Amino acid sequence: MNFGRGPSVVLNVGGTRYSFSREVLKDFPLRRVSRLHGCLSEQDVLEVCDDYDRERNEYFFDRHSEAFGFIMLYVRHGHLRFVPHMCELSFYNEMIYWGLEGSHLDYCCQRRLDDRMSETCTYYSAEEPPGESAGGPEGKGRRPPPGTEGGKWLERMRRTFEEPTSSVAAQVLATVSILFVIVSMVVLCASTLPEWRAPENRSVEEQSRYTAESVREPSGIIEAICIGWFTAECIVRFIVSKNKCEFVRRPLNIIDLLAITPYYISVLMTVFTGENSQLQRAGVTLRVLRMMRIFWVIKLARHFIGLQTLGLTLKRCYREMVMLLVFICVAMAIFSALSQLLENGLDLGTKNKDYASIPAACWWVIISMTTVGYGDMCPITVPGRILGGICVVSGIVLLALPITFIYHSFVQCYHELKFRSARYSRSLSAEFLN
């Protein structure tokens, strides 16, 4: 260790002392303890622990001694369980302080922690543990590094556009954005009604054109205003973003571009094609581009935790989702081949034309495994019906297996986003009171 003397160091956690050699600290499994190895001064040491005795080379931590004892059992034996008769959230707080995460717990304790979090709607972020923020006991007296007024203004603008609960202005902006999304969706749905274009006897291709007359119509004016708002919002968010490349790669920003660009592409195509016959060939393309406005609904994910939780869960559980698709594909290959053989390939006197090929049988397998059962095709032979029953039961079992992992990830993502939203809500309350 770069600071301190003697061949060994002593950790005093809540009155319980643990002695280690200096070399052990370098690769210690607990992140907070291993940080002691790189401390160069007493000030660095006091940022990691609560107090330090230079003479005895002893480090003091004002933490729960019994909880640390169970954490040390994990260091020695590789199993981490909750302390009996101790609150799960309190023990989880101790885990995060020492540098552990919920995944280090044994599976049974992970389920207890998820259930406890579901009851209390509490989540502690691993990147910013309780007590280490600027207002916590360990962060007492710390202040963020000073910056320029321009930098503070950009940060305020960034939070206003990215965090709807960070300030009153952010909430107002989010409300206006939601209203524009709702209005644009209502106009999109209404534009598909026959009554919408019946008085003018316009065809669908004509309705897809952005001519001077159509822009002057109420629907065209509303659509142009909505597109103008979304475009301005996207440009401002791009300008105030810290990392422009990261901004372009973010999924929500990609969705914004997919929702905005079809309008401008449609306008340009109409301008270049004019009134000639090329427009008729481009009519399908224009209708597809106009219908891509449905992506505006996904913009609501910026303002609702539920949609954010769904997206974050899918991102973190892509392995489980791939595993689920593999299960379904394997079952489809097996049951479709068997059903085609039993219903059409054995030539038993009754051939079912719906199962004339394996690809056709795949449709029956997928709707049977998911228990949808449209009834458009069904087995008529006794072996085929027995196979259909096995297919339905197998589908229930195969689909249920990965759901447990996805559920636990969904709960964790929900609490994480809930905690972040509550943190910004507290800052909003302070701003309102001030």
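Residues numbered from 1 in each chain as written. Predicted model: local features only at pLDDT ≥ 70, side-chain atom pairs only at ≥ 80, totals over all residues. Heavy atoms only, no water.

Under an unreviewed UniProt entry, the protein has the name Voltage-gated potassium channel regulatory subunit KCNG3 and belongs to Syrrhaptes paradoxus. A UniProt comment under Sequence similarities (unreviewed entry) is attached to the protein, and it reads "Belongs to the potassium channel family. G (TC 1.A.1.2) subfamily. Kv6.3/KCNG3 sub-subfamily." The heading Subunit (unreviewed entry) in the UniProt record of the protein holds the text "Heterotetramer with KCNB1. Does not form homomultimers." (UniProt positions renumbered as here; feature names shortened; annotations may be inferred.)

(A) Region of the structure containing the packing of helix α18 (residues 318–345) against helix α20 (residues 382–400). Running from N to C, α18 and α20 cross one another at 180°; their axes reach a closest spacing of 10 Å. The angle between α18 and α20 falls in the class roughly antiparallel. Seen from α18, the contacting residues are L324, F327, I328, A331, F335, L338, S339, L342 and E343; seen from α20, they are P383, G384, L387, I390, C391, S394, L398 and L399. Considering only residue class, the contact of α18 with α20 consists of 13 nonpolar, three polar and one charged. (Axes fitted to C-alpha atoms, helices over the stretch in contact; angles between N-to-C directions. Helix = DSSP H or I, 4+ residues; strand = E, 2+ residues; numbered from the N terminus. Parallel < 35°, antiparallel > 145°, perpendicular 65-115°, else oblique. Contact = heavy atoms within 4.5 Å. Nonpolar A, V, L, I, M, F, W, Y, C, P; charged D, E, K, R; others polar.)

(B) Here's a closer look at the UniProt feature "transmembrane region" (unreviewed entry) in the protein. Mapped onto the present numbering, the UniProt feature "transmembrane region" (unreviewed entry) falls at residues 168–193, 220–240, 252–274, 294–314, 321–342, 354–374 and 386–410. The distance separating the terminal C-alpha atoms of residues 321–342 is 31 Å; by composition the span is 100% helix and 0% strand. Across residues 354–374 one finds 57% helix and 0% strand; the C-alpha atoms that close the span lie 14 Å apart.

(C) Broad picture of the environment of Y74. In this fold, Y74 is placed in helix α4 (residues 65–77). Look at Y74 and you get buried, because its relative accessible area is 17%. A sequence separation of 31 residues divides Y74 from L105, and the C-alpha atoms of the two residues are 9.1 Å apart. Y74 has contacts with H79, L80, L100 and H104, leaving out every residue within four places of it along the chain. (Buried < 20%, exposed > 50% of the residue type's maximum accessible area, 1.4 Å probe, protein only.)

(D) Molecular detail of the side chain of E58. Tracing the backbone through its elements, the reader meets E58 in strand β4 (residues 58–61). Accessibility expressed as a relative area gives 1% for E58, which makes it buried. In this structure the side chain of E58 is engaged in a polar contact, spanning 2.9 Å, whose partner is the side chain of N12. Setting aside residues up to four positions removed in sequence, E58 forms contacts with V10, N12, R17, D51, Y52 and D53. (Polar contact = N/O pair within 3.5 Å; in protein donor to acceptor, adjacent residues only side chain to side chain.)

(E) Inspection of the packing of aromatic side chains at higher detail. Under the criterion given, the structure shown has twelve aromatic pairs. With a centroid separation of 4.9 Å and an interplanar angle of 55°, the aromatic rings of F61 and W98 are classed as tilted. On the criterion of sequence distance, the pair formed by F61 in strand β4 and W98 in helix α5 (residues 88–98) is long-range, its members being 37 residues apart. Accessibility expressed as a relative area gives 2% for F61, which makes it buried. In this structure W98 comes out as buried when scored by relative accessible area, which is 0%. Members of the aromatic cluster, each reached through a chain of ring pairs, are Y18, F61, F68, Y97 and W98. The ring of Y97 has R32 lying over it, and the distance from NZ or CZ to the ring centre is 3.8 Å. One cation-aromatic arrangement involves K244 over F238; the distance from NZ or CZ to the ring centre is 5.8 Å. (Phe/Tyr/Trp six-rings, centres within 6.5 Å; stacked < 30°, edge-to-face > 60°. Lys NZ or Arg CZ within 6 Å of the ring centre and 35° of its normal.)

(F) Examining the nonpolar core more closely. Ranked by internal contacts, the top residues of the largest apolar core, which has 38 residues, are L11, Y59, F61, F91 and W98. Counting residues per element, the ones that place at least two in this core are β1 (8–13), β2 (16–21), α3 (42–48), β4, α4, α5 and α6 (107–120). A per-element tally of this core places α5 first, with seven residues. The residues contacting W98, other than those within four sequence positions of it, are V13, L30, R31, R32, V33, F61, R63, F68 and I71. Of all hydrophobic cores here, the second largest spans 14 residues; its members include L324, M332, F335 and W364. (Core = buried A, V, L, I, M, F, W, Y, C linked by side-chain atoms within 4.5 Å.)

(G) Quick peek at the packing of α18 against helix α19 (residues 358–369). Relative orientation of the contacting elements α18 and α19 amounts to 120°, with a least axis distance of 8 Å. Here α18 is positioned oblique relative to α19, judged by the angle of their axes. In this structure, the crossing between α18 and α19 has a hand that is right-handed. Between α18 and α19, the residues in contact are I328, A331, M332, F335, S336, A337, S339 and Q340 and I358, A361, C362, W364, V365, I366 and M369, respectively. (Left-handed = near helix turned anticlockwise from the far one by under 90°.)

(H) View of the side chain of E233. Summarising the element assignment, E233 is placed in helix α12 (residues 218–240). Residues in contact with E233, not counting those within four places in the same chain, are F161, S177 and K299.

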